[in-house]
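Descriptive structure summary
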Amino acid sequence: MSTPTHPDAQSELKDATEPTSINLDITGMSCASCAARIAKKLNKVDGAQATVNYATSKAHVLTTKPIEVDDLIGVVEAAGYGASVPTPAAPPEDHAAKIRARLIVAIILAVPVMLLSMIPALQFDGWQWLALALSLPVVFWCGEGFHRAAWTNLRHGATSMDTLISLGSLVSLGWSVWALMWGSAGHVGMRHRMTWALERTDPSSALYLEASVGVITFILIGRWIEARNRAEAGSALQALLRMGAKSVRMIRDGQEVTVPIEALTVGDHFVVRPGEKVATDGRVAEGSSAIDASLVTGESLPVEVAVGDEVIGATVNTSGRLVVEATAVGSDTELSRIATLVEAAQTSRSKTQDLADKVSSVFVPTVLIISALTMIVWAVLGQGVTAAFTAGVAVLIIACPCALGLATPMALLAGTGRGARLGIVIKGAGSLERARGIDVMAMDKTGTLTTGRMAVVAVWDESGRVVNISDNPPALAVTAALEVGSEHPISRAIVEACPGVAPAEDFRALPGLGVSGTVNGLPAKAGRVSLFDAIPDTLSKNVERAQAEGRTVLVVGRGDDILGAIAVSDEIKPEAVVAVKRMVQAGVRPVLVTGDNSGAAAHVASELGIDEVMSEVMPADKVDVVTRLRSDGSRVAMMGDGVNDAAALQTADLSIAMGTGTDVAIAASDIICTRGDPRLAVDALSLAHATDRTIRQNLFWAFAYNVIAIPVAAVGLLSPVIAAAAMAFSSIFVVTNSMRLVRWHPGMSDSN
């Protein structure tokens, strides 16, 4: 894991030839330009190379010279933001909950203000004073975050979207207070008339309260939706850490003692009972068992381990009791190394972030300049100070980026809501960006294209002839009797295929070979070919062929007779064949990338029609495979479901996880197929294209609206009241356009 990760690491780092990695939690960022500003300040520190991720609220700093962490924190704080060393045990801060509380208050208070201000029929005597009372908490409490961010930017000579939001709400409120207190707007019986052009007669009678509360409310909606998606994006590492064991049963003075996992050191011996997780990476010192490593290595079948074999932390012991000697703890374990890969992938910046920085840096100062010039020109032309100020306010209000703030989150909300009903979860706008132009789909096997569950796939009689499983052939019935009561996944598969049999007598496990017992008064045994002196040639050929395909085969005998053989394998999902076919039709090249053996991988690829296969790929190597696939310019999507896929999911241009898989893979992904149906991956790409297209339409409207409306307001053809109404209309257009996604269904064209 990245260091330092504890307050003790505040001391000066030692000189090293390799760069040292430092992570910081950042607080106070409100937009992508904030992240860019912090990164710029950190990069000015001698020997520091920093990237700041707005989505995860983290800074990742590589240092080539001795740098104190306190110095880096000081740089961030000097820029007007907060920074701290990450605390692994601390739960992530719920930013969405904080925004939601302010948003609820804003909606309750702002809706009456907007209705009263824009519909004269609702206006009663003294309505304007009630509207003012409702507006004050919206502007100053609900919008407090915008004002604070604008002030921070002002102190450092910078601007952002928060600057326009703060100025627009404060100026429109300030003008309204002036008109109420010292103008004619405060008279009892006053009615608010909606006029298109700027009124030069008595501008002090106009109120802009609906503009001040509308700006705050609309933007808060966008920020709340954004915060929810950011929380999802930053949860992968938390899920990884939760997968590890929290306690361990250590052996001390010959006794088993349960202690926290932090107390375990290299060389300690600990016990792993059936069904428990292996606490950390180690070597088996006593016992034998089968280890389910599918979540970490991708191996579909449980791996038999005995004394001297290596085991990986967070894998599951399925049968016998093990005593393991710890060989790695903490950040040196395989699980931690995978977490490090995920963390490194998360710190990269997207093109969308860079574009947002550029747009913000140009758009906001331009609007401020136009507003100021409008005031100056109107004053020079002799139209009066109040008229000039009103025209400038109209420009400022109509330029407030409500539609811009809603363009992405509203389309995202509609698209993801529709996707959720179809079993597709799209995590954020960045996921949509990455879905464009995907032409390679790299897929894990176990749990993604297969069920991840063992099942009997074939039974042969003694002559090698395939027999019907449902007929409960003797080979299957005898083996089920021997395996009754065992928790081994292969045993469970056999018993499920032939339920209701009586258990064998005199049962014995034959380590590394199989099992034996007495069935119907005769000695019986089932297991490896080597358990028998000889088997018929025709049966032997079928056994060898099945083993070459990666299947587990048990030969069965009773008395002096060979009854046949049973093949057990991970089942291919019926939907996987259709999914691969649709990928090929869509011009997406399918690639199978798995940690399973070459025989099993080749068999699955052949069944699915996949030509490109990469087998026996370890977790870290999956990242290299994805990188290699991208090296020729291809845009690669990765689909998986296990811990072993998490880092590769983060490295790919687009990551798709099966919802039936691990929390780690789900947290690390851009898109989740909740039903575990690989066909949903194809639907996900289509829905992502449709949602992304809607976002681009919304953004085009938001910018086009400003380009057209700002000059119109500047020449006095729009009063501030109409400007506020137009601003609200632009937001309504964005919402309406986004809601078209609610009617999207698989098969709809995404080319238009």
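Residues numbered from 1 in each chain as written. Predicted model: local features only at pLDDT ≥ 70, side-chain atom pairs only at ≥ 80, totals over all residues. Heavy atoms only, no water.

1. Re the overall build of the protein chain
- A count of helices and strands for the protein chain gives 23 helices and 27 strands.
- Counting the 752 residues in the protein chain, one finds 54% classified as buried.
- Restricting to contacts in the protein chain with at least 6 residues of sequence separation, those with at least 24 account for 70%.
- About 31,800 Å² of surface is accessible on the protein chain, with carbon and sulfur atoms providing 58% of the total. (Helix = DSSP H or I, 4+ residues; strand = E, 2+ residues; numbered from the N terminus. Buried < 20%, exposed > 50% of the residue type's maximum accessible area, 1.4 Å probe, protein only. Contact = heavy atoms within 4.5 Å. Areas by Shrake-Rupley, 256 points an atom, 1.4 Å probe, with all protein chains shown as cover.)

2. Observations concerning the sheet that holds strand 22 (residues 561-572)
- With antiparallel pairing, the seven strands of this open sheet are ordered in space as 17-16-22-21-20-19-18. Each of the sheet's edge strands pairs with one partner strand only, and the pair in question is strand 17 (466-467) and strand 18 (505-510).
- As paired strands, strand 18 and strand 19 (residues 514-519) are joined by four bridges and run antiparallel to one another. Of the residues in strand 19, the one forming a bridge with Ala-509 is Val-515.
- Against the sheet, helix 15 (residues 489-497) engages strand 16 (450-461), strand 21 (552-558) and strand 22, with an angle of about 60° to strand 16. (Pairing = 2+ DSSP bridges. Axes fitted to C-alpha atoms, helices over the stretch in contact; angles between N-to-C directions.)

3. Things to note about the UniProt feature "transmembrane region" (unreviewed entry) in the protein chain
- Residues annotated by UniProt as "transmembrane region" (unreviewed entry) correspond here to residues 103-121, 127-143, 164-185, 205-225, 359-381, 387-414, 699-718 and 724-742.
- In this annotation, residues 127-143 is assigned 94% helix and 0% strand; the end-to-end C-alpha distance for the span is 23 Å.
- Taken as a whole, residues 164-185 contains 82% helix and 0% strand, while its terminal C-alpha atoms sit 25 Å from one another. (UniProt positions renumbered as here; feature names shortened; annotations may be inferred.)

4. Structural notes on the pairing of strand 22
- Here strand 22 lies mainly inside the structure; nine of its twelve residues are buried.
- Bridge count for strand 16 against strand 22 is eight bridges, and the pairing is antiparallel. Bridge pairing links Trp-460 to Ala-565 in strand 22.
- Pairing of strand 21 with strand 22 involves seven bridges; the strand directions are antiparallel. By the bridge assignment for strand 22, Val-553 is matched with Ala-567.
- Between strand 21 and strand 22, which follow one another and run antiparallel, lie two residues, and Gly-559 among them has a positive phi close to 65°.

5. Looking at the environment of Asp-653
- One can find Asp-653 in the loop between helix 20 (643-651) and strand 26 (654-658).
- Along the chain, Asp-653 and Met-638 lie 15 residues apart, while their C-alpha atoms are 7.9 Å from each other.
- Setting aside chain neighbours within four positions, we find Asp-653 in contact with Arg-434, Ile-438, Arg-630, Ser-634, Arg-635, Val-636 and Asp-670.
- Within the local environment of Asp-653, its side chain forms a polar contact with the side chain of Arg-630, the two groups lying 3.1 Å apart.
- Among the polar contacts listed, one links the side chain of Asp-653 to the backbone nitrogen of Val-636, at a separation of 2.7 Å. (Polar contact = N/O pair within 3.5 Å; in protein donor to acceptor, adjacent residues only side chain to side chain.)

6. Examining the packing of aromatic side chains
- For the structure shown, the criterion picks out three aromatic pairs.
- With 5.2 Å between their ring centres and 45° between their planes, Trp-175 and Trp-178 make a pair best called tilted. A residue pair is termed a helical-turn pair when its members lie 3 or 4 positions apart in one helix, as Trp-175 and Trp-178 do in helix 6 (residues 161-181) at three residues.
- Note on Trp-178: relative accessible area 32%, which makes it partly exposed.
- Residues Trp-701 and Phe-733 carry aromatic rings whose centres are separated by 4.7 Å and whose planes lie at 40° to one another, so their mutual orientation is tilted. Of the two residues, Trp-701 sits in helix 22 (residues 679-714) while Phe-733 sits in helix 23 (residues 720-739), which places them 32 residues apart along the sequence.
- Look at Trp-701 and you get partly exposed, because its relative accessible area is 24%.
- Aromatic rings pair up to connect Trp-175, Trp-178 and Tyr-208 into one cluster.
- Positioned above the aromatic ring of Trp-141, the side-chain terminus of Arg-102 is 4.5 Å from the ring centre. (Phe/Tyr/Trp six-rings, centres within 6.5 Å; stacked < 30°, edge-to-face > 60°. Lys NZ or Arg CZ within 6 Å of the ring centre and 35° of its normal.)

7. With respect to the sheet that holds strand 5 (residues 247-252)
- Pairing is antiparallel in the open sheet, where six strands are placed in the order 6-5-7-13-8-11. At either end of the open sheet lies a strand with only one pairing partner, and these are strand 6 (255-260) and strand 11 (310-311).
- Alignment of strand 5 against strand 6, held across six bridges, turns out to be antiparallel. The residue of strand 6 that forms the bridge with Val-248 is Val-259.

8. Let's talk about helix 5 (residues 144-155)
- With twelve residues, helix 5 should reach 16 Å at 1.5 Å per residue; the first-to-last C-alpha distance of 17 Å fits that figure.
- Taken residue by residue, helix 5 has Phe-146, His-147, Ala-149, Ala-150, Thr-152 and Asn-153 as its buried positions.
- The first or second residue beyond helix 5 is Gly-157, which carries a positive phi of 65°. (Expected span 1.5 Å × (residues − 1).)

9. Notes on the pattern of salt bridges
- Summed over all chains, the structure comprises 17 salt bridges.
- Arg-273 is the salt-bridge partner of Glu-256, the closest N and O atoms lying 3.1 Å from each other. Of this pair, Glu-256 sits in strand 6 while Arg-273 sits in the loop between strand 7 (269-272) and strand 8 (282-286), and the two are 17 residues apart along the sequence.
- Residue Glu-256 is classed as partly exposed on the basis of its relative accessible area, which comes to 33%.
- As a salt-bridge pair, Asp-461 and Arg-465 come within 3.2 Å of each other at their nearest N and O atoms.
- By relative accessible area, Arg-465 is classed as exposed at 52%.
- Among the charged side chains, a network of salt bridges with common partners joins Arg-249, Glu-256, Arg-273, Glu-276 and Arg-321. (Salt bridge = Lys/Arg side-chain N within 4 Å of Asp/Glu carboxyl O.)

10. Description of unusual backbone geometry
- Unusually for a residue other than glycine, Asn-472 sits at a positive phi of about 50°.
- When you line up the elements, Asn-472 lands in the loop between strand 17 and helix 14 (474-483).
- By relative accessible area, which is 38% here, Asn-472 ends up partly exposed.
- Positive phi, normally seen in glycine, also occurs at Asn-520, with a value near 55°.
- Relative to the helices and strands, Asn-520 is located in the loop between strand 19 and strand 20 (522-527).
- On the accessibility criterion, Asn-520 (69% relative accessible area) is exposed.

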